[in-house]
Every structure is written in structure tokens, then in C-alpha cells.
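Spelled out, the chains give:
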Amino acid sequence: MILALTVCGSVVALVVVGLFVFGLRRRLIQRSGGTFDCSLRWDAPQPGGSGGKGWAYGVARYNGDRVEWFRVFSYALRPRRVLERSAIEVAGRRVPEGEEELALLSDAVILACLHRGRRLELAMSDDALTGFLAWLEAAPPGQRVNVA
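Notes on the structure follow. (Residues numbered from 1 in each chain as written. Predicted model: local features only at pLDDT ≥ 70, side-chain atom pairs only at ≥ 80, totals over all residues. Heavy atoms only, no water.)

Quick notes on the pairing of strand 3 (residues 58–63)
Stated formally: Only when DSSP finds a minimum of two bridges between them are two strands counted as paired. Each helix is a run of H or I in the DSSP string that is no shorter than four residues. Each strand is a run of E no shorter than two, and both are numbered from the N terminus.
Examined bridge by bridge, strand 1 (residues 35–37) and strand 3 share three bridges and lie antiparallel to one another. Looking at the pairing, Asp37 lines up with Val59 of strand 3. Direction of pairing for strand 3 relative to strand 4 (residues 66–71): antiparallel, over a ladder of six bridges. Each bridged residue has a counterpart across the sheet, and for Tyr62 the counterpart in strand 4 is Val67. Counting the residues between successive antiparallel strands, the hairpin from strand 3 to strand 4 contains two residues, one of them, Gly64, with a positive phi of roughly 65 degrees.

Description of the side chain of Glu121
Here is the rule: Contacts are residue-level and defined by heavy atoms, with any inter-residue pair within 4.5 Å sufficient.
Along the chain, Glu121 turns up in strand 8 (residues 118–124). Excluding its chain neighbours within four sequence positions, the residues that come into contact with Glu121 are Ser39, Leu40, Arg41, Ala44, Trp55, Arg94, Glu100, Ile110, Leu111 and Ala112.

A word on the sheet that holds strand 7 (residues 109–115)
Going by this rule: Here an angle of 0 to 180 degrees is reported between the N-to-C directions of two axes, which are lines fitted to C-alpha atoms, with helices fitted over the stretch in contact.
The strand order 2-8-7-6 describes an open sheet built from four strands, whose pairing is antiparallel. This sheet does not close on itself; its edge strands, each paired only once, are strand 2 (39–42) and strand 6 (88–94). Neighbour to neighbour, the strand axes of the sheet diverge by 20 degrees on average, direction disregarded. Sheet topology places strand 7 next to strand 8; seven bridges connect them, and they run antiparallel. When the bridges of strand 8 are listed, Leu111 appears paired with Leu122.

A closer look at the packing of aromatic side chains
In this description, a pair of aromatic rings is defined by centroid distance and the angle of the planes. This is how it is decided: Between 30 and 60 degrees the pair is tilted, below 30 it is stacked and above 60 it is edge-to-face, where a pair is any two Phe, Tyr or Trp rings, Trp via its six-membered ring, whose centres lie within 6.5 Å.
Under the criterion given, the structure shown has three aromatic pairs. Considering the side-chain rings of Phe132 and Trp135, the 5.8 Å spacing of their centres and the 35 degrees angle between planes classify their relative orientation as tilted. Here Phe132 and its partner Trp135 are both found in helix 3 (residues 126–137), three residues apart, which amounts to about one turn of the helix. Three or more aromatic residues joined by ring pairs make a cluster, and in this case those are Phe36, Tyr62, Phe132 and Trp135.

With respect to the pattern of salt bridges
Let me state the cut-off plainly: For this analysis, a salt bridge means a side-chain nitrogen from Lys or Arg found within 4 Å of a carboxyl oxygen belonging to Asp or Glu. Here's how the labels work: a residue is buried when its accessible area is under 20% of the maximum for its type, exposed when over 50%, partly exposed in between, all with a 1.4 Å probe on protein chains only.
Counted according to the given criterion, the structure contains ten salt bridges. A salt bridge links Glu121 to Arg41, with the shortest nitrogen-to-oxygen separation between them at 2.7 Å. Highlighted residues: Glu121 in strand 8 and Arg41 in strand 2, separated in sequence by 80 residues. Classification of Arg41 by relative accessible area gives buried; the value is 3%. Residues joined in a network through salt bridges with shared partners are Arg41, Arg94, Glu100, Arg119 and Glu121.

Considerations on the nonpolar core
Applied cut-off: In this text, buried Ala, Val, Leu, Ile, Met, Phe, Trp, Tyr and Cys residues form a nonpolar core when linked through side-chain atoms within 4.5 Å.
In terms of nonpolar packing, the biggest core is built from 23 residues, with Leu122, Met124 and Phe132 touching the most fellow members. Elements with a contribution of two residues or more to this core: strand 2, strand 4, strand 6, strand 7, strand 8 and helix 3. Sorting elements by how many residues they give to this core places helix 3 first, with six residues. Setting aside residues up to four positions removed in sequence, Met124 forms contacts with Phe36, Asp37, Cys38, Asp107, Ala108, Val109, Leu129 and Phe132. Formed by five residues, the second largest nonpolar core is a distinct cluster that contains Leu104, Ala108, Ile110 and Ala123.

It is worth stressing that arrangement in space is one thing and function is another; only the former is reported here.
Written as C-alpha cells, this is what we have:
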């Protein structure tokens, strides 16, 4: 009986510590400001393909001329993807269709992009999209920015 209570107590303690670390990590990522909720689909299919598959929920953070993207459900303190402003080409925007509506946040707008020749899609709120496009267009003089 005591062994069962000890094991159960240990499991509950590990779950609580794990949740605490998730919260602490998110707090550390957001500490410097300039963050927004952003789902990412890397190597996105051509329009009309794959439905809602491949989306990963995350948090993006502006860091100078880069956007760093972190998975929400991860313990890593390093970004999973880094997008340089000068390498991003915006191909278009659209609203989620079909299964994507279930895979993404309810107010998401999808921005199709190319980053160093790789097709990717970012899903974010309208406000975050406005900020992202403004950040892209605010490149220093001499940098090319491709916004459709």
C-alpha cells in the first residue's frame, strides 16, 4: 500500500514538474517580447493538397532580422526553425479550408511563403499577420523584400 502511494505520488509530482517546465519555457521565450502564436507547415504541399496534415502549433519571436519559431509542446530552448527576413518570399494568403479548420486556431489566416526555395505556410491571427507583413516591409534600405 505504501509502495503504491509512493509510486502514485511520484507520478503526480513528475506531471506537475513537467507542466511547470512547459510554462517556464514559454515564459522565457516570451520574456524579450515580440512573440505571437503561429502554426507552421514546413515543406507545405501545393495548393489544394494534403488537407490539414503537417501543421505544428508554435510560438514565433522576432529577433532582429529573423523570426525564430518554437514548437509549443517541446522542452527545447532553441528555436526549431529560423526564418531570415531577406530570404522570405510571400506567395499569397488564404483562409483555412476543410480539415485545416480543425488543425488550426479558429481565427487563423494562412500565409504561403518560400524560404530559400522551400515552400512553407504560416498560420496566425489577422493582427499577427499585419505585424508580420509590416516587419517584412520594414527591411533596412538595400535589402530586397518580396511581399505579394
